[in-house]
Amino acid sequence: MTAIATDCPVTDQDLADWEFNQDPYPTMEAWRAMGPVVYNVRHDRYMVTSYRDCARVLGGVTKFNSQGSVEMFKAIFGGITMEALDSPRHNEMRGVWANDFQRDTLEAQRQLIERVVASQLDPFVQRVKSGEMVDAIPNMTRGIPTLVIAHMLGIETEMFEQFSAWSDAMGASTEGHLDPTPRGAKLVADGVAATKALNNHMAETIQKRRAAGTIGDEANDLVARMVYDPFSRSMQEQEIIASNTQLVFAGNETTAKLMASTLVALAMHPDQRRALAADRSLIPQAFEEVHRWQTLTQAIPRHACSDESDIGGIRIPNGAEVMPLQGAGNRDPQRWENADAFDIFRPQRQHLGFGFGMHVCLGLNLARLEAHIWLDQLLDKLPEYELAETIDYGRNFVLRGPVAVPVVAS
Ligand code: HEM
């Protein structure tokens, strides 16, 4: 337990509490009213409450770093990846795949994504239209990002359900890290086992790529890209395995849950859904508004790494864990007018849903492209639908999204 910073307001809110996670926004608003940073005594973390300060913490590696969370990242990915590095080595590692995730480069994946989206959406729409109530997550959104990244990595697409299961267990371990009960310990243990299994699978794939070519060869998939990149000579084997494991994991549950949140937001606001159906040029801003309004990664870990680390004038003890609350930042009334309202027409401003600064999401252009194509097809094929039940947001605050989205035709 770190010493509590002088003048810092305190809460003992359990972040793994089901009731809190159903709608954390009023509680986070109350924290923002208490000050720029609130110490959570239960979790021993300093929670940052405003947009400006979250961006400062995420963007300023000299006072707050990712390196301090290296053990947690290693537990999730099975080794060191770019996410746990703050040094120039971070940029070099990120540089291996940077071009593959540029918006222009990703255009080459458009047809693949359109095919994958149709393969998951069409059977779902057929069942809903025939009168069934269907959970959109396992029956539609979950498979889309897993299949796309499996294609891009050049790994076995027929194993996509296994990849999804492994990455879901890895995602659930983030919930386990906030839950000190035996249930939390089990989530962490299950996550570690899934990471190990996925690590083993990726290790075999990497060996196969090496057997097929040599460093400097032209690469036509993402595993090969890293294996053949001269930079990989300076990487330890476990870093290569963990980095590829991260790519399988990173975009899966996140993108699938955000698509699920999009379905919910548009079901709750049918007028805006109809406006979107009529004018598809609004799709990009509508998706960003969902992400602002129902932020998926509510918190990313950082550690204070200097005696000068402060948030809004409150000095944070060196080494203490800091939690920028992106969801709170994304509803900060200093940045957004009527911030609690869902409004796809609001003026666009950068939100924190994909992070901020040097670690900003590498895959954000891919997530956006998948979501835009999916939403366009959904509005064509199922423009009218309703939610059959109240949405349960479960207990995972770190990766917050609906547990199930039961859809019926309207
Ligand atoms: C809606 C979907 C997604 C969301 C909400 C999301 C969110 C985030 C966030 C908040 C970060 C910053 C983490 C930090 O600061 O420590 C991040 C980083 C990252 N994301 Fe995503 N992500 C999504 C999709 C993807 C996809 C599709 C990929 C790739 C296939 C991906 C790969 C990564 C990687 C490699 C990093 C680490 C970047 C670095 O440390 O430089 N993400 N993501």
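Residues numbered from 1 in each chain as written. Predicted model: local features only at pLDDT ≥ 70, side-chain atom pairs only at ≥ 80, totals over all residues. Heavy atoms only, no water.

Caption draft 1: Layout of the overall build of the chain. Helices and strands together make up the secondary structure of the chain, namely 18 helices and eleven strands. Expected size for 410 residues packed as a compact globule is a radius of gyration near 22 Å; at 21 Å, the chain falls within 12% of this value. Based on the C-alpha atoms only, the size of the chain along its principal axes is roughly 60 × 55 × 40 Å. For the chain, the residues scored as buried account for 57% of the 410 residues in total. Sequence-distant contacts in the chain: of pairs separated by 6 or more residues, those separated by 24 or more amount to 73%. Surface summary for the chain: the accessible area is close to 16600 Å², and the carbon and sulfur share equals 52%. If you average the places of the 38 positive and of the 54 negative side-chain charges in the chain, the two averages end up 2 Å apart. (Helix = DSSP H or I, 4+ residues; strand = E, 2+ residues; numbered from the N terminus. Rg over C-alpha atoms; globule rule 2.2 N^0.38 Å. Buried < 20%, exposed > 50% of the residue type's maximum accessible area, 1.4 Å probe, protein only. Contact = heavy atoms within 4.5 Å. Areas by Shrake-Rupley, 256 points an atom, 1.4 Å probe, with all protein chains shown as cover. Lys, Arg positive; Asp, Glu negative; His and termini not counted. Charge placed at Lys NZ, Arg CZ, Asp CG, Glu CD.)

Caption draft 2: The coordination of the iron atom of the ligand, seen in detail. Coordination of the iron atom of the ligand by the protein involves just one donor, Cys361 (SG), at a distance of 2.3 Å. As for its position among the elements, Cys361 is in the loop between helix 17 (326–329) and helix 18 (364–381). (Donors = N, O, S within 2.8 Å, 3.2 Å for Na, K, Ca; no water.)

Caption draft 3: Broad picture of the pairing of strand 11 (residues 406–409). Inspection of the sheet shows strand 5 (residues 134–135) paired to strand 11 by two bridges, in the antiparallel sense. From the neighbouring strand, Val134 faces strand 11, where its bridge partner is Val407. The sheet contact formed by strand 10 (residues 385–387) and strand 11 spans three bridges and is antiparallel. The residue bridging Tyr385 from the neighbouring strand is Ala409, located in strand 11. (Pairing = 2+ DSSP bridges.)

Caption draft 4: Region of the structure containing the sheet that holds strand 2 (residues 37–40). The mixed open sheet is built from six strands, whose spatial order is 1-2-3-9-6-4. Each end of this open sheet is capped by a strand with a single partner; those strands are strand 1 (10–11) and strand 4 (64–65). Of the pairings in the sheet, the one linking strand 1 to strand 2 comprises two bridges and is parallel in character. In the strand pairing of strand 2, Val10 is matched with Tyr39. Strands strand 3 (45–48), strand 4, strand 6 (302–304) and strand 9 (321–324) of the sheet are contacted by helix 3 (residues 51–59), whose axis makes an angle of about 130° with strand 9. (Axes fitted to C-alpha atoms, helices over the stretch in contact; angles between N-to-C directions.)

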